[in-house]
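# Coordinates in review
Here is how the chains run, residue by residue.
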Amino acid sequence: MLDGTWEVQGARLGDQSIEIPGGKMIVTGDRYVVQTPAGLDEGHFEVDSTVDPVAVDLVGTAGPHAGRRIRAAARLKGDLLQLAYDVGGSSRRPTDFVARGGSSVVAVRYKRVTSGPIDV
């Protein structure tokens, strides 16, 4: 369902816009690779679509989040994907896609640019 290449369309940390030039996420099955100017972040994800918003746990296997489980909320509409997650180390999952001032929640919007399985 998420297979393909997703380009970052915009991102916020708290109430600040953040730039992620050339940022993209490549998904194949339950594996992901996030590419940013800062480097690669790799892992797998677990999805619970029985809740609203959809719960996604990103489990890092390589890169800056190796060994970490990041609890995220996800929303998919066609070729647009929104993810919200807390980078402050909280184990709480965001309940919406708004990055509020003073918070450590990152909200990222992606657009799918290719679909189908991709070798990374």
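Basis of the calculations
Residues numbered from 1 in each chain as written. Predicted model: local features only at pLDDT ≥ 70, side-chain atom pairs only at ≥ 80, totals over all residues. Heavy atoms only, no water. Pairing = 2+ DSSP bridges. Helix = DSSP H or I, 4+ residues; strand = E, 2+ residues; numbered from the N terminus. Salt bridge = Lys/Arg side-chain N within 4 Å of Asp/Glu carboxyl O.

## Side note on the pairing of strand 7 (residues 69-77)
The side chains of a regular strand alternate between both faces of the sheet. Here strand 6 (residues 54-62) pairs with strand 7 via six bridges, running antiparallel. Note that in strand 7 the partner of aspartate 57 across the bridge is arginine 71. Here strand 6 folds back onto strand 7, and the loop between the two strands holds six residues, one of which, glycine 63, carries a positive phi near 95°. As judged from the six bridges shared by strand 7 and strand 8 (residues 80-86), these two strands associate in the antiparallel manner. Counterpart to alanine 74 in the pairing with strand 8 is leucine 83. Linking two consecutive strands that pair antiparallel, namely strand 7 and strand 8, is a turn of two residues; a positive phi of about 65° is found at glycine 78 within it.

## A few points about the pattern of salt bridges
All chains considered together, the criterion is met by five salt bridges. Beyond isolated ion pairs, a larger network of salt bridges with shared partners links Glu46, Asp57, Arg69 and Arg93.

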